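A closer look at the structure
Residue-level listing of the chains:
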Amino acid sequence: MPSARLQDCTDDAVALVRRWLAASAGTKPDAGAVRLSEALRDGQGLDFTRGLVDKVVRPEDPRVVARNLEKVSQDVPDFLSWSLRGAVTFGGGFATMAPWAVAPTARRILRRMAGHLVVDAPDAKLGAALAKVGGPGVRLDVRLLGDAVLGTAESDRRLQGTMDLLARDEVDQVSIGVRSVVPQLSPWAFDQTVERVVDRLVPLYRLAAGSPVAKSVTLDAEDHRDLDVTLAAFRTLLDRDEFLGLEAGIVLQAYLPDTAGALESLTAWAQQRRARGGAPITVRLVKGASLATERVDAVLHGWPLATWGSKVETDTAYLRLLDAALTPERIDAVRIGVASHNLFTLATAWTLAGRRGVTDGVHVAVLLGMASGHLDAVRADVGPVLLAAPVVHPDHFDSAIPYLARRLQESASGDGFVAGAADIGHDERVFERERGRWLAAVTALDATDPVPATHRTQDRRAPIGEPVHRDAFANAPDTDPSTAANRAWATDVLRRVPRSKLGAQTIRGARVADRSKLERIVARTAQAGVNWGRQDPSDRAELLDLIAHELETRRADLVEVAAAETGHDPRRGRLRRERRDRLRPPRRRQRPAAGRARRRRRPVRAAPAHRGGVVVERPGREPGRGRGRRPRRRQRGRPAARARGRAVRRGARRRPLGRRGAALPAPARRPRRRPAPP
């Protein structure tokens, strides 16, 4: 058992924070951080900054950008310098007359306001830019920003760009997410997805392992949906013999309850790897930055929120992870990176590590944009600091907008430490506010309530119980692929698909070939609709609840039939070859151009009964009625297009077109000479 409790370190942690603030009192703050702090402190600053990011910089149409800049420039806040106010006012006044010049001006303004949060430099000047943000006692962890990866070309560009960054002398390590290197991840094809991620990341890890100086790669589990894939890919990569001596890292979010179990499994695996002679791994603990995305994802699919519900719960979970990880028996295999801007959190981790004698296995990691005075004071006590620096090329500056918007929202939020970081050193009220929040999180560690392992516990294999009558309509939750139980359920269902005969007897029994029988069925259906309308609304609602309950009970059967009919395999994200060939329409046979016969309509082919397909038959024609001619469609389009269409349909030789696109008249034929009368 550890000799020191985290709850007993509060007094020393508060004293350490005060010493850091006193040491940073005389340091000149960063101009960009001061400018952004003043912008967010102003009553109109946040609205102005959001409008500049979302309405001026983000759109692609220059006319839309010009109109939005004209609106934004009508109310310029006073915190801007005279040069920025002049640029906004001048740009907004002439925006509609020269919309092509608005976007560069808006980006220049945004760079002046939030440029200290990202490294924005071309390749030729990137070395100088990284050297400027780095310095003695600072190790750089670089991450390449980019658009959402939707195709192979973008994933190749992102992976190659990350490898180019890692090869630079100024970069000590790089961070990357699984969705940056593998496009279109399938959440159901878990094993196949892990293999794809590993194959794509092997060259990057080989570059780090073969570097003459020590370099590292950090794999970031950005969202809850990618947590299991990231953990599996990380372990699979480092289980290779060629990477046994590589010190690699992984990022875990404290605002996910699943992180506690992930840290335990990683620690057990890392200890076994260490026993085989492998290098230790690094787990960087962050509080999480995708809360808005997780909330939207939960609402859209009807799932419970994957994260903790409040800021205090997240802070408590972070402290609980530190308490579990900072022990002598764990720190030898798992080094801990304490990533936070909160000085109280950093002081707690460093004080606890000192009392337990594990300071050699702990380092501090901060994001680019932290107050430089605080950073220098922290580095003087804890040693080298890891600085996470997002990098973007000027030609792809739009890719940094989502990141900047998230950082601006974090800086403006009153619940976070960043909003008061600039005032905590000289405003005692801000200091006491942040101290009270931190003490509330420490006190919550003594709570006796059980801590849930995860909020996502959906299991499609479990019985759903009795039907429940609802007062209002609500969709059933989608099947959550992030749970291992649901992935196993889907695998079992799809394993039965190739030989599935489910529903075949029902389809054969529903086949109707007699016209009179079909008419009787239609009549009964129409009358049933009338009777349904006469039912009491409460009775209809109860019956609909029963129907919905039965559908949900037969969910696996419905998925099996749908997969058997269409050939769609969710694990592969595409049609299986044997099914795709059957669904592909037959090629149209080329008929002779001259004298072609009118094509007859082919009857709709019925799907094979063993596939559970729905049988559709075209009703026959009534006796005595011929086929008749179809009405001639009205030709639309330009005269040249109509002329070409007629020429192709008649099999005639295509004639050259005139200046305006109209077909030239055919050459006149010579009249045949008739023989003279005798």
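The following paragraphs examine the structure supplied in this document.

What counts, and where the lines are drawn
- Residues numbered from 1 in each chain as written.
- Predicted model: local features only at pLDDT ≥ 70, side-chain atom pairs only at ≥ 80, totals over all residues.
- Heavy atoms only, no water.
- Helix = DSSP H or I, 4+ residues; strand = E, 2+ residues; numbered from the N terminus.
- Buried < 20%, exposed > 50% of the residue type's maximum accessible area, 1.4 Å probe, protein only.
- Contact = heavy atoms within 4.5 Å.
- Areas by Shrake-Rupley, 256 points an atom, 1.4 Å probe, with all protein chains shown as cover.
- Expected span 1.5 Å × (residues − 1).
- Polar contact = N/O pair within 3.5 Å; in protein donor to acceptor, adjacent residues only side chain to side chain.
- 1 Å grid on protein atoms, 1.4 Å probe; cavity = no way out; pocket = protein on both sides within 12 Å on 5 of 7 lines; lining within 4 Å.
- Points joined across faces, edges and corners; volume = space filled by probe spheres on them.
- Nonpolar A, V, L, I, M, F, W, Y, C, P; charged D, E, K, R; others polar.
- Core = buried A, V, L, I, M, F, W, Y, C linked by side-chain atoms within 4.5 Å.
- Salt bridge = Lys/Arg side-chain N within 4 Å of Asp/Glu carboxyl O.
- Patch = residues over 30% accessible without salt bridge, like charges linked within 9 Å, V, L, I, M, F, W, Y side chains within 5 Å.
- Right-handed = clockwise from strand over helix to strand, strands pointing away.
- Pairing = 2+ DSSP bridges.
- Phe/Tyr/Trp six-rings, centres within 6.5 Å; stacked < 30°, edge-to-face > 60°.
- Lys NZ or Arg CZ within 6 Å of the ring centre and 35° of its normal.
- Axes fitted to C-alpha atoms, helices over the stretch in contact; angles between N-to-C directions.
- Parallel < 35°, antiparallel > 145°, perpendicular 65-115°, else oblique.
- Left-handed = near helix turned anticlockwise from the far one by under 90°.

Scanning the protein from terminus to terminus reveals 25 helices and 11 strands. The 678 residues of the protein split such that 40% are buried. For the protein, the proportion of contacts with a sequence separation of at least 24, taken over those separated by at least 6, is 75%. Within the structure as shown, the protein displays about 39500 Å² of accessible surface, and the carbon and sulfur contribution to it stands at 52%.

Let us look at helix α15 (residues 343-356). Its 14 residues give α15 an end-to-end C-alpha distance of 20 Å, which sits within 8% of 20 Å, the value for a rise of 1.5 Å per residue. Of all 14 residues that make up α15, 12 are buried, and the element is covered over most of its length. The N-terminus of α15 is capped by N342, whose side-chain oxygen sits 2.9 Å from the backbone nitrogen of F344. Immediately downstream of α15, the backbone of G357 shows phi near 70 degrees, a positive value.

In total, this model carries 1 cavity of 30 Å³ or more according to the counting rule given. What lines the largest cavity is simply R143, L144, R158, T162, S175, I176, G177 and S180. Per element, the largest residue contribution to the lining of the largest cavity is 3 residues, and it comes from strand β3 (residues 173-177). Split into classes, the residues belonging to the lining of the largest cavity amount to 2 nonpolar, 4 polar and 2 charged.

What follows concerns helix α19 (residues 484-495). A rise of 1.5 Å per residue sets the reference length of α19, with its 12 residues, at 16 Å; its end C-alpha atoms lie 16 Å apart and thus fit the reference within 8%. Inspection of α19 places A485, N486, R487, W489, A490, V493 and L494 among the buried residues, and these make up the whole buried set.

What follows deals with unusual backbone geometry. Even without being glycine, Q184 reaches a positive phi, approximately 55 degrees. For Q184, the position within the fold is in the loop between β3 and α9 (190-209).

Here we come to the nonpolar core. With 103 residues, the main nonpolar core has Y205, F234, V283 and I336 as its most contacted residues. Ranked by residues supplied to this core, first place goes to α9 with 9 residues. Sequence-distant contacts of V283, defined by excluding residues within four places in its chain, comprise I250, L252, L263, L266, V334, R335, I336 and G337.

The next thing to look at is the pattern of salt bridges. In total, this model carries 37 salt bridges according to the counting rule given. E428 is the partner of R18 in a salt bridge, and the nearest nitrogen-oxygen pair spans 3.2 Å. One end of the pair, R18, is in helix α1 (residues 10-23); the other, E428, is in helix α18 (residues 428-443), and 410 residues separate them in sequence. Overall, the relative accessible area of 39% leaves R18 in the partly exposed class. Accessibility expressed as a relative area gives 42% for E428, which makes it partly exposed. Two residues, E154 and R157, come together in a salt bridge whose shortest N-O distance is 2.8 Å. Of this pair, E154 and R157 both sit in helix α8 (residues 152-166), separated by 3 residues, roughly a single helical turn. A single network of salt bridges, built from pairs that share partners, joins R18, E428, E432 and R435.

As a further point, take a nonpolar patch on the surface. On the surface, W532, L543, L544, L546, I547, L551 and L558 cluster together into a nonpolar patch covering about 610 Å² of accessible area. Checked against the element boundaries, L546 lands in helix α22 (residues 537-553).

Before going further, it helps to spend a moment on the pairing of strand β4 (residues 216-220). Successive residues of a regular strand alternate their side chains across the two faces of the sheet. The buried fraction of β4 amounts to 5 of the 5 residues, a majority that puts the element mostly inside the structure. Residue alternation in β4 divides its side chains into two sets, S216, T218 and D220 and V217 and L219, and both sets are buried. Tracing the backbone out of β3, into α9 and back to the parallel element β4 gives a crossover that is right-handed. Examined bridge by bridge, β4 and strand β5 (residues 249-253) share 3 bridges and lie parallel to one another. In the strand pairing of β5, T218 is matched with G249.

On to the pairing of strand β6 (residues 281-286), then. Where burial is concerned, most of β6 is hidden: 5 out of the 6 residues are buried. Two elements, β5 and β6, share 5 bridges in a ladder whose sense is parallel. Considered in β6, the bridge of Q253 is made with V286. On the question of chirality, the crossover connecting β5 to the parallel β6 by way of helix α11 (residues 258-275) is right-handed. Judged from the 5 bridges that link them, β6 and strand β7 (residues 334-339) form a sheet pairing that is parallel. If you follow I281 over to β7, its bridge partner there is V334.

The next thing to look at is the packing of aromatic side chains. Describing an aromatic ring pair means giving the distance of the ring centres and the angle of the ring planes. By the definition in use, this model includes 4 aromatic pairs. Ring centres 5.9 Å apart and planes at 50 degrees place the aromatic pair Y205 and F243 in the tilted group. Of this pair, Y205 sits in helix α9 while F243 is found in the loop between α10 (227-238) and β5, placing the two residues 38 residues apart along the sequence. Residue Y205 is classed as buried on the basis of its relative accessible area of 0%. Taken together through their ring pairs, the aromatic side chains of F344, F431 and W438 make up a single cluster. Above the ring of Y318, the side-chain terminus of K287 is found at 5.7 Å from the ring centroid. Above the face of the F190 ring, R487 is positioned so that its terminal group lies 4.4 Å from the ring centre.

Let us look at the packing of α1 against α18. As a packed pair, α1 and α18 sit with axes 12 Å apart at the nearest point and diverge in direction by 150 degrees. Comparing their axes, α18 and α1 come out roughly antiparallel. Relative to α18, α1 is oriented so that their crossing is right-handed. Judged by residue contacts, T10, A13, V14, V17, R18 and L21 of α1 engage E428, F431, E432, R435, W438, L439 and V442 from α18.

Here we come to the side chain of T327. With respect to the helices, strands and loops of the structure, T327 is situated in the loop between α13 (311-325) and α14 (328-331). Take T327: its relative accessible area is 4%, and that puts it in the buried class. In contact with T327, other than residues within four places in its own chain, are R356 and V358.

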